[in-house]
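Notes for the structure review
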Amino acid sequence: SYALGIAQQQDGGQDRWAGEKHQLFRGLLTAFLASTELQDSALRAAITDLERVLDNGWIARNERFDEITSKQWVSFVPEFGPLAGVHLFQHPEAVAFWLSEMQRRSAFTAPAGRPAIGMCAVCGASEVRLVRKLPLGVKLAGTVPMTSLNADAFTSFIGGADTAKKAHLGLCFRCGDTAARAFNFLSNSPQHRRP
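**Some thoughts on the packing of helix α1 (residues 18–34) against helix α2 (residues 41–56)**
It is at 10 Å that the axes of α1 and α2 come closest, and there the two elements cross at 150°. By the angle between their directions, the pair α1 and α2 is classed as roughly antiparallel. The chirality of how α1 crosses α2 is left-handed. Contacts between α1 and α2 involve H22, F25, R26, L29, T30, F32 and L33 on the former and, on the latter, L43, R44, I47, T48, L50, E51, L54 and D55. In terms of residue class, the contact of α1 with α2 is built from eight nonpolar, three polar and four charged.

Here is the structure:
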């Protein structure tokens with residue numbers, strides 16, 4: 001539904017948000033074309049071609065188009081040229097763009113719209129941008145922020161030094177990503193969790 005705007009679901013229903021999701025995807029393509037991460041002319045040409053294919057509805061005219069449902073994975077791979085056989089999302093410049101986009105989306109913004117700069121509670125790096133939310137979702141019993149309740153010394157002072165205020169731990173993007181992946185691994189492993 002994001003990549004192609006397909007609303008048909010596997011169970012026969014319709015994804016009513018498919019058009020909106022597709023427009024968000026198209027916005028990401030536009031942002032990627034305008035980003036400083038995109039330097040490879042072959043990748044720029046491939047993304048421009050992809051936009052033209054989507055604009056003209058050429059994919060929808062393919063005989064197998066009706067077999068695709070909204071939750072299936074879609075990857076764009078050029079068949080010829082310097083990127084032949086390369087999944088575009090795996091190109092190093094696409095990865096760099098997505099990393100920057102995820103950092104932007106998960107960044108904590110202090111008052112006056114400035115990024116929150118502080119010390120990462122995990123790696124100890126100082127003067128780093130702190131994340132407002134983890135870059136990846138953590139699959140726990142409920143939606144709760146990671147919070148330090150041990151002592152005021154362990155809080156990041158973003159939300160205040162009082163533990164009663166449940167100030168979020170200050171994490172840099174890399175540590176937040178690593179923590180989310182570790183929590184997900186542990187919570188999905190029967191060796192490391194208890195029902």
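**Thoughts on the packing of α1 against helix α3 (residues 92–106)**
Closest axis-to-axis distance for the α1/α3 pair is 11 Å, and the angle between their directions is 110°. Between α1 and α3, the crossing angle belongs to the class labelled roughly perpendicular. The crossing of α1 and α3 is right-handed. Of α3, the residues touching α1 (which contributes L28, A31 and F32) are E93, A94, F97, W98, E101 and R105. In terms of residue class, the contact of α1 with α3 is made up of six nonpolar, no polar and three charged.

**Some words on the packing of aromatic side chains**
Summed over the entire model, instances satisfying the criterion amount to two aromatic pairs. Look at F32 and F97: their rings are 5.0 Å apart centre to centre, the planes differ by 40°, and that puts the pair in the tilted class. Within this pair, whereas F32 is found in helix α1, its partner F97 is found in helix α3, the two being separated by 65 residues in sequence. The burial state of F32 is the same as that of F97; both residues are buried.

**Some remarks on the state of the cysteines**
On inspection of all chains with the given rule, the structure shows zero disulfides. Its sulfur unpaired, C172 is 3.6 Å from the next cysteine sulfur, which belongs to C175. Under the relative-accessibility criterion, C172 is labelled buried at 11%.

Cut-offs applied
- Residues numbered from 1 in each chain as written.
- Predicted model: local features only at pLDDT ≥ 70, side-chain atom pairs only at ≥ 80, totals over all residues.
- Heavy atoms only, no water.
- Axes fitted to C-alpha atoms, helices over the stretch in contact; angles between N-to-C directions.
- Helix = DSSP H or I, 4+ residues; strand = E, 2+ residues; numbered from the N terminus.
- Parallel < 35°, antiparallel > 145°, perpendicular 65-115°, else oblique.
- Left-handed = near helix turned anticlockwise from the far one by under 90°.
- Contact = heavy atoms within 4.5 Å.
- Nonpolar A, V, L, I, M, F, W, Y, C, P; charged D, E, K, R; others polar.
- Phe/Tyr/Trp six-rings, centres within 6.5 Å; stacked < 30°, edge-to-face > 60°.
- Buried < 20%, exposed > 50% of the residue type's maximum accessible area, 1.4 Å probe, protein only.
- Disulfide = S-S within 2.5 Å.

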